[in-house]
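For reference, the chains in residue letters:
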Amino acid sequence: MDEKPSTRKSPEFCSLRYGLAFIMHFSNFTMITQRVSLSIAIIAMVNSTQQPGLLNTSTERPLAFIFNHSNRSIRDFKTAEVSVYEWSPETQGIIFSSINYGIILTLIPSGYLAGIFGAKQMLGAGLLISSLLTLFTPLTADFGVILVIVIRTVQGMAQGMAWTGQFTIWAKWAPPLERSKLTSIAGSGASFGSFIILCVGGLISQALGWPFIFYIFGSIGCVCCLLWFTVIYDDPLHHPCISIREKEHIVSSLAQQSSSPRRSVPIKSMVRCLPLWAIFTGFFSHFWLCTIIITYLPTYISSVLRVNIRDSGVLSSLPFIAAASCTILGGQLADFLLSRNLLRLITVRKLFSSLGLLLPSLCAVALPFVASSYTTTIILLILIPGTSNLCDSGFIINTLDVAPRYASFLMGISRGFGLIAGIISSTATGFLISQDSVSGWRNVFFLAAAVNMFGLVFYLTFGQAEIQHWAKERTLTRL
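Residues numbered from 1 in each chain as written. Predicted model: local features only at pLDDT ≥ 70, side-chain atom pairs only at ≥ 80, totals over all residues. Heavy atoms only, no water.

Peer 1: I keep staring at the overall build of the protein chain and nothing clicks. Help me out?
Peer 2: In terms of helices and strands, the protein chain carries 17 helices and zero strands. Counting every position in the protein chain, which comprises 479 residues, the buried fraction comes to 58%. Accessible surface, the protein chain as shown: approximately 18700 Å² in total, 66% of it carbon and sulfur. (Helix = DSSP H or I, 4+ residues; strand = E, 2+ residues; numbered from the N terminus. Buried < 20%, exposed > 50% of the residue type's maximum accessible area, 1.4 Å probe, protein only. Areas by Shrake-Rupley, 256 points an atom, 1.4 Å probe, with all protein chains shown as cover.)

Spelled out as structure tokens, the structure:
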């Protein structure tokens with residue numbers, strides 16, 4: 001892949017492939033808002049001081065109250081009947097990590113099946129199921145924490161189906177010199193979604209009640225599903241609206257890559273491939289810190305900076321607008337360096353991976369020492385997700401370089417490693433901060449920085465960008 005393929009100029013931002021990137025941006029926006037909704041809502045769900053008269057009333061039903069007291073206003077409903085739950089930090093950590101359990105269960109099989117049956121149906125079905133389960137989350141909370149964990153796990157399985165299918169689509173839609181741009185536009189939806197849900201989630205909770213966080217973003221997901229099934233196609237050859245010029249441009253740019261159908265996956269070759277393990281290690285390190293930031297940022301700001309739920313949500317949203325911007329700008333810069341032949345492909349991948357792992361680690365290590373400074377703390381919290389998302393032009397898309405035929409399957413495995421890290425980091429964070437808040441947060445950030453450094457060293461040592469030999473030929477390697 002160090003050799004730059006020749007491509008003809010074709011319209012870019014007005015082209016169908018960029019329209020696909022923006023629709024996928026909206027899909028990622030929807031899924032991350034549904035995932036992070038609980039992170040902002042849980043501040044009100046467990047805050048016993050917000051509603052003094054209520055304890056952990058697992059038998060109280062907000063929805064039943066609405067139906068039985070329809071003449072009451074939404075505001076009366078919010079202040080009088082929204083349940084408050086006695087969930088300890090350890091319990092919250094398990095709830096937060098449960099969605100990752102579900103994603104792990106479906107990442108590998110969904111990635112493989114998406115490559116065979118088509119990613120459109122796989123991703124669309126996952127998005128629809130996740131949206132419906134989001135709508136029912138407030139009701140399940142009243143039946144106890146076990147049901148919440150089950151629902152979040154199933155929702156994770158649905159999102160796992162959706163996340164992995166994306167790379168099957170890009171393997172057929174993204175010309176090599178536009179991969180960083182297209183995937184960064186699509187991927188930035190996650191950061192923008194985190195910004196929106198954290199920005200408005202607290203406002204929705206105060207104005208309407210925390211259940212409406214789930215109702216609103218679950219409904220948005222259902223609308224996104226309609227758009228997805230209407231506009232998206234698995235490849236440019238079958239899209240009825242694509243221009244002949246763009247179709248020829250995409251097909252010719254991907255002509256050098258094998259597109260023969262596969263009936264088996266060369267598992268043994270993959271297991272022995274150190275460049276793949278470098279990608280997996282990078283995902284593990286990257287997701288460790290990112291999961292902590294996405295999951296616990298509202299709690300950290302609320303507990304350390306002592307702000308209310310509304311201000312906590314607004315402040316928590318700021319890092320993710322920086323992350324969305326860095327994701328898009330990083331993709332543009334990476335493809336610029338490649339198209340001008342300024343750097344080799346492997347150099348670009350390692351450069352952006354280094355920036356995306358080293359810079360947020362430095363910020364995380366500095367956080368405990370500036371906790372007394374409100375402004376400095378906010379600046380560092382903004383920089384962590386922003387700089388971390390530079391990895392999107394590094395090892396995050398490296399599977400498209402080393403094995404484009406198996407990109408979706410390998411992305412499933414890669415995200416599996418990342419989600420294992422998310423499960424461990426979420427649970428460990430809940431345990432550490434439950435022991436002692438000050439020393440607990442310090443240990444959380446120090447540990448995250450150490451994990452990032454391990455991933456960076458491993459990727460710099462073994463990372464590659466050439467198509468691997470087992471991904472070139474029409475091998476019939478048995479599972």
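More follows now that the structure is in view.
Peer 1: Hey, could you run me through the nonpolar core in this one?
Peer 2: One broad trend across soluble globular proteins is that nonpolar side chains are buried collectively. Core analysis: the largest hydrophobic core is formed by 109 residues, its most contacted members being W170, L276, L410 and W470. The element that contributes the greatest number of residues to this core is helix 1 (residues 16-45), accounting for 15 residues. Looking at which domains feed residues into this core, each of domain 1 (15-48 + 85-249) and domain 2 (268-467) gives three or more. Counting residues in hydrophobic clusters, the runner-up holds ten residues, among them L338, L345, I346 and F352. (Core = buried A, V, L, I, M, F, W, Y, C linked by side-chain atoms within 4.5 Å. Domains from an automatic or database assignment.)

Peer 1: How should I be thinking about the packing of helix 11 (residues 274-304) against helix 17 (residues 437-462) in this particular structure?
Peer 2: To describe two helices that pack against each other, one gives the angle between their axes and the distance between the axes. Running from amino to carboxyl end, helix 11 crosses helix 17 at an angle of 160 degrees, the nearest separation of the two axes being 8 Å. By the angle between their axes, helix 11 is roughly antiparallel relative to helix 17. Remark: the crossing between helix 11 and helix 17 carries left-handed chirality. Of the residues contributing to the contact of helix 11 with helix 17, the split by class is 22 nonpolar, six polar and no charged. (Axes fitted to C-alpha atoms, helices over the stretch in contact; angles between N-to-C directions. Parallel < 35°, antiparallel > 145°, perpendicular 65-115°, else oblique. Left-handed = near helix turned anticlockwise from the far one by under 90°. Nonpolar A, V, L, I, M, F, W, Y, C, P; charged D, E, K, R; others polar.)

Peer 1: How should I be thinking about the side chain of T137 in this particular structure?
Peer 2: Structurally, T137 is set in helix 5 (residues 119-141). Look at T137 and you get buried, because its relative accessible area is 6%.

Peer 1: For this particular structure, what's the right way to read the packing of helix 11 against helix 14 (residues 374-388)?
Peer 2: Following both chains from N to C, one finds helix 11 and helix 14 inclined at 150 degrees, their axes separated by 10 Å at the closest point. Taken together, the axis directions place helix 11 and helix 14 in an arrangement best described as roughly antiparallel. Regarding helix 11 and helix 14, the two cross each other, and that crossing is left-handed. Counted together, H286, L289, C290, I293, L297, Y300 and I301 of helix 11 and T377, L381, I384, P385 and S388 of helix 14 form the full contact between these two elements. Here the residues of the contact of helix 11 with helix 14 are counted per class, giving nine nonpolar, three polar and no charged. (Contact = heavy atoms within 4.5 Å.)

Peer 1: What should I look at first to understand the environment of S184 in this one?
Peer 2: One can find S184 in helix 7 (residues 179-207). Along the primary structure S184 and G330 are separated by 146 residues, whereas in three dimensions their C-alpha atoms are 7.7 Å apart. Apart from the residues within four sequence positions on either side, S184 is in contact with R179, T327, I328 and G331.

Peer 1: Any chance you could explain the pattern of salt bridges here in plain terms?
Peer 2: Opposite charge on two side chains allows them to pair when their charged atoms are near. Enumeration according to the criterion identifies three salt bridges in this entry. Among the ionic pairs, E246 bridges to R17, the shortest N-O distance being 3.1 Å. Residue E246 is found in helix 9 (residues 244-253), and its partner R17 is found in helix 1; the two are separated by 229 residues along the sequence. Between D401 and R349 there is a salt bridge, with the nearest N and O atoms lying 2.7 Å from each other. With D401 in helix 15 (residues 399-402) and R349 in helix 13 (residues 345-366), this pair connects stretches of sequence that are 52 residues apart. With a relative accessible area of 1%, D401 lands in the buried category. Among the charged side chains, a salt-bridge network with shared partners connects R17, E178 and E246. (Salt bridge = Lys/Arg side-chain N within 4 Å of Asp/Glu carboxyl O.)

Peer 1: What's the story with the environment of A44 in this structure? I'm lost.
Peer 2: Within the secondary structure layout, A44 lies in helix 1. Residue classification places A44 among the buried residues on the basis of a relative accessible area of 2%.

Peer 1: Mind showing me how you'd approach the side chain of Q159 here?
Peer 2: Structurally, Q159 can be placed in helix 6 (residues 145-173). The contacts of Q159, once residues within four sequence positions are left out, are M31, Q34, R35, I99, I103 and S130.

Peer 1: What am I meant to see in the packing of aromatic side chains here?
Peer 2: For any two aromatic rings, the description comes down to two numbers: the centre-to-centre distance and the angle of the planes. Taken as a whole, this structure holds 23 aromatic pairs when the rule is applied. Seen in terms of ring centroids, W277 and F417 are 5.7 Å apart; in terms of plane orientation they differ by 85 degrees. Their pairing is edge-to-face. Of the two residues, W277 is situated in helix 11 and F417 in helix 16 (residues 407-435); the sequence distance between them amounts to 140 residues. Take W277: its relative accessible area is 32%, and that puts it in the partly exposed class. Judged by relative accessible area, F417 falls into the partly exposed class, the value being 25%. One aromatic cluster is present, built from ring pairs that chain together F96, Y296, Y300, W441 and F445. Across the ring face of Y233, the terminal group of K120 is positioned such that the distance to the ring centre comes to 4.6 Å. (Phe/Tyr/Trp six-rings, centres within 6.5 Å; stacked < 30°, edge-to-face > 60°. Lys NZ or Arg CZ within 6 Å of the ring centre and 35° of its normal.)

Peer 1: How do you make sense of helix 7 when you look at a structure like this?
Peer 2: Owing to its 3.6 residues per turn, the α-helix brings residues three or four apart onto one side. Taking 1.5 Å per residue, 29 residues should reach 42 Å; helix 7 reaches 42 Å between its end C-alpha atoms and fits that length. A bend of about 30 degrees at V200 is the largest found in helix 7. Counting buried positions along helix 7 yields 21 of 29 residues, so the element is predominantly enclosed. Of the residues flanking the end of helix 7, it is G209, one or two places downstream, whose phi is positive at about 110 degrees. (Expected span 1.5 Å × (residues − 1). Bend = angle between axes of the 7 residues up to and from the residue.)

Peer 1: Help me understand a nonpolar patch on the surface, please; the structure alone is not making it clear to me.
Peer 2: On the surface, a cluster of nonpolar side chains totalling about 500 Å² of accessible area is made up of I129, F143, I146, L147, V150 and V154. By residue number, the principal contributor to the nonpolar patch is helix 6, which donates four residues. Structurally, V150 is set in helix 6. (Patch = residues over 30% accessible without salt bridge, like charges linked within 9 Å, V, L, I, M, F, W, Y side chains within 5 Å.)

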